Amino acid sequence: MKAVSYNSRSNEGFDGTHTMSSVFALRFGDSVALLLIALVLGATSIHLGGDGSPDFRIYHFYNGYAAASGGRPQDIAAAQLQTYFFPGMDVLYYWLTTWLNEMPRTLRAVLAIPYVIAATCVYVLARAVLPQDWPWRRLISIAVALFGVCGAASLPTLGTSMSDITPGMFVLLGLCSFLYFDPSRKDAAVLLSGLFCGVAVGLKLTSAPLFIGFAVAIAVSRWLAGDRWFRGILLFCMIGGLTIVAIGGAWWWRNYTLYGNPLFPAFNDIFKSDLVEWGRWSDDRFKPRNGLMALFYPFYWAFVPSGLAIELATRDARMALAYICVPVIAAVGLFRRSRKANSRLDLIFYIFLPIFYAVSFVLWERLLSIYRYLAVLESLSGLLLLLALLPAVKALKRHGLNVLLLLIMCLVSITAVYPWWSRSSPAKEAVAIGPLPSLPPASTVVFLDAYAMSYLVPFFPADTRFIGANNNIVHPGDRGMLQRRVETAIRSAPGTIWGLEFPPAFPGMADATLLHYGLTRVQPCSQLRSNIEDGILLMCELRPKALSP
C-alpha cells in the first residue's frame, strides 16, 4: 500500500499552529488549569463522603486485607464470588485506608488522584486538538475534561474502591503516549501504550475491551498510513500481554492450582473446576434484550432514567452523544485522507480514536454491558463532541463553536440523573466499627445470608475463620465441592460458632441457612453498628439444635 504523508518533518497540528512537541509543553496557564481541575475533583470527593459502596462492603476491603495478611486460607467465600478476584488494587486501597483511617477527608482527597490523572489526560488531548490561538482554549479544555470524568459512570464512584477510572486512567495515558513521541518513533509510542493498557487489564480484566479496541485501532490506522500494521499490533500485544501476566499471572496461577480455574469462577464452562457448576458465571442482567436495543443502547438511558445497564435508575446522554459523534469524526477523517490532507494529529484523532471507541464499545456491549465499565469511553465524550464540531468552525466561527459546545455539555450535565451509590456516614474515622463481641480463640463466623459483610473481617481477631454459607457462589444443597468444603467447615468447627446476618435485606435467608445446618441462635444476640451503613447487623452465637437449652 502506498504510504500517505503525515507531515512527519514538521508534525503540524490541525491548522499548523502548534507542533507535536508543543503538546506536552505545558505553560504556567496550563499548570493553573490542571491545579483547578485537581481542586475541583478533590473537593468533590471530600464533599461526596466516604466509601460505603456495595463493592467496598462485599469484597474490596476484605480482599485487600486478605492479600496483605497472607491470603487468609482459613476463610471460605467470605467475600462471596468476588473473594477470588485479583486483589492488586484492593491491597493498595486497604493500605491507604488503614494508614489514613483517622484522616477521612485526606483519604477521600487522595482517592481522587486517579480522576485527576484521567482528567489531565483528557485536558491534554483537548488542548492538542485546539490551535494555540484558539479563544478560551484552556477553559474549553478544562470543560471537556471535567465533563468527561463527571459522567454517570464515574462521578458517583469518585473517591471509592468501586471506581473504574482507577484502572481506566492507564488507557487514557496510553492515548496520550501517541502525542508524546515524534512520528519517527512510532514503535516507542506503541510500546508505551501497550504497557499502559496492559496495566489496566492486569489490574482489572473488565478493561479487556479497551485493550482490544486499542490494538485494532493501531492496526487499522497504521495500515491506512502505509505503515507496517502487523508490526504495530504485534508490539502492542507483546508488551501488553507481558505486562498483564507480570501483574496478574501469579494470582491466576494460584487460582489454577487451588481451584482448577485461573479466573475462578468465571469461564468455568471452559475450565470445568469441580468446586462450582460448569457455567459461565457472568453477570448478564444488563445486556441488550434484542438487536434493536443493542443497536441504539446508549439512547435508552439518554432521555429517561433507566436501569437497563445499571442497578440504579440513571439518565445520561454522554454516551448517546458520543454514539452520534464517532461516525461523524470517522467520516471527516476518511474525507481528509481521500484529499491527502491528513496531519499526524488527524491520524490520531480522526482515524485512531473513532476506531478505538467503536470497537471498545461493541465489545463492552457484547461481553459486559455494565454501565460503570464505560467510565473510560464516557470520559472521552466531551472530546468527541469537540472533534465532531470542529469541521463546522467556518460556519459557526470560533466563539460560536465554543458557546455551542459549552451549551451542549451544560444541558447534558444538568439533565443527568446519577446512580448515587451508598456512602459512609461522617465519623472521626474512615471506617468506624462499633463494639464487637469478644470471641474465644479459633472461633468460626458464618455469614448466614447474602448481605455484604466481609468489610468487618479485619476488625475481628486474626485467627477467626469466616465462611460464606448462602450467597452468590454457594448455597445450602449445592452439589459443587466448594459447598462440601463449607459443609465440612461448619459441621466440624472446633471452637464456638457465630452467625452474622442482616434480616431486612434478605428476609428468611438466615433462617433457611440455620435450618440446613441444624443450628439455632443463642440469645441474646449482639447488634453491630458502623458508619459504613445505616442498618444494624445481627450477630448471634450458634449451637446445634440438640444442644440448645
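Below is a short write-up of the structure. None of the values given here were measured: they were computed from a predicted structure. Residue positions within a chain follow its written sequence, with the count starting from 1. At least 70 in pLDDT is required for a residue's local features to be given in this predicted model, at least 80 for side-chain atom pairs to be given and counted, and no such filter applies to totals for whole chains, interfaces and linings, which use all residues. Calculated side-chain values reflect all of the structure's heavy atoms, with hydrogen atoms and water omitted.

With that settled, consider helix α7 (residues 165–180). Only runs of H or I of at least four residues qualify as helices and only runs of E of at least two qualify as strands under DSSP, and these elements are numbered from the N terminus. By this rule, a helix spans an expected 1.5 Å times one less than how many residues it contains. Between its first and last C-alpha atoms α7 spans 22 Å; for 16 residues at 1.5 Å apiece the expected length is 22 Å, and the two agree. Among the 16 residues of α7, 13 are classified as buried, and the element is accordingly described as predominantly covered. Per-residue accessibility, obtained with a 1.4 Å probe over protein chains only, is compared with the maximum for each type, and a residue is labelled buried under 20%, exposed over 50%, and partly exposed between these values.

This part is about the state of the cysteines. We call a pair of cysteine sulfur atoms a disulfide whenever their separation is within 2.5 Å. Inspection of every chain in the model, using the stated rule, returns one disulfide. Across the disulfide from Cys525 sits Cys540; the S-S distance is 2.0 Å. Handedness here is read from the sign of the S-S torsion; for Cys525 and Cys540, about 110 degrees, the answer is right-handed. Separated by 15 residues along the polypeptide, Cys525 in strand β4 (residues 519–528) and Cys540 in strand β5 (residues 537–544) bring together distant segments of the chain. Taking relative accessible area as the criterion, Cys540 reaches 1% and is therefore assigned buried. Not part of a disulfide, Cys150 finds its nearest cysteine sulfur in Cys410, a span of 12 Å. Exposure remark for Cys150: the relative accessible area of 18% places this residue in the buried category. Owing to a relative accessible area of 47%, Cys410 belongs among the partly exposed residues under this scheme.

With that out of the way, let us pick up the environment of Pro167. Mapped onto the fold, Pro167 is located in helix α7. The exposure class assigned to Pro167 is buried, which follows from its relative accessible area of 0%. Ignoring sequence-local partners within four residues, the contact set of Pro167 consists of Met89, Ala200, Leu203, Lys204 and Ser207. By the convention used here, residues are in contact when the closest approach between their heavy atoms is within 4.5 Å.

This paragraph deals with the packing of aromatic side chains. Here the aromatic set is Phe, Tyr and Trp, taking the six-membered ring for Trp, and pairing holds for ring centres within 6.5 Å; pairs whose planes are under 30 degrees apart are stacked, those over 60 apart are edge-to-face, and all others are tilted. Scanning the model with the defined rule gives 32 aromatic pairs in all. When the ring of Phe56 is compared with that of Tyr93, the centres are 6.1 Å apart and the planes differ by 75 degrees; the resulting orientation is edge-to-face. In this pair, Phe56 is assigned in helix α2 (residues 54–68) and Tyr93 in helix α3 (residues 88–99), connecting sequence segments 37 residues apart. Neither residue differs from the other here; Phe56 and Tyr93 are each classed as buried. Pairing Phe296 with Phe299 gives two aromatic rings, centres 6.3 Å apart and planes at 65 degrees, and the pair type is edge-to-face. Cluster of aromatic residues (ring-pair linked, three or more members): Phe296, Tyr297, Phe299, Tyr300, Trp301, Tyr323, Phe361, Trp364 and Tyr371. Consider the ring centre and the ring normal. A charge sits over the ring if Lys NZ or Arg CZ is within 6 Å of that centre and within 35 degrees of that normal. The residue whose ring lies beneath Arg254 is Trp251, and the NZ or CZ to ring-centre distance is 4.3 Å.

Points on a 1 Å grid over protein atoms alone make up a cavity when a 1.4 Å probe fits among them but cannot get out, and a pocket when they form an open set with protein on both sides within 12 Å along at least five of seven lines; lining residues each have an atom within 4 Å of a point. Grid points are joined across faces, edges and corners, and a volume is the space filled by probe spheres set on the points. The final tally for this structure, using the stated rule, is seven cavities of 30 Å³ or more. In this structure, the largest cavity occupies an estimated 140 Å³ of space. If you go around the largest cavity, you meet 13 residues; those closest to its centre are Phe178, Ser221, Arg222, Arg344 and Leu347. Considering every element that reaches the lining of the largest cavity, the biggest residue donor is helix α14 (residues 344–367), with four residues. Looking at the lining of the largest cavity residue by residue, the class counts come to eight nonpolar, one polar and four charged. Considering only enclosed or pocket space, the second largest cavity measures out at about 80 Å³ in volume. As for the second largest cavity, its lining consists of Gly50, Asp51, Tyr93, Thr97, Pro104, Leu107, Arg108, Leu111, Gly159, Ser424, Ala430 and Val431. Listed by contribution, the elements that provide at least two residues to the lining of the second largest cavity are α3 and α4 (104–110). Note that Gly is not counted as nonpolar here; it falls among the polar residues with everything else outside the nonpolar set of Ala, Val, Leu, Ile, Met, Phe, Trp, Tyr, Cys and Pro and the charged set of Asp, Glu, Lys and Arg.

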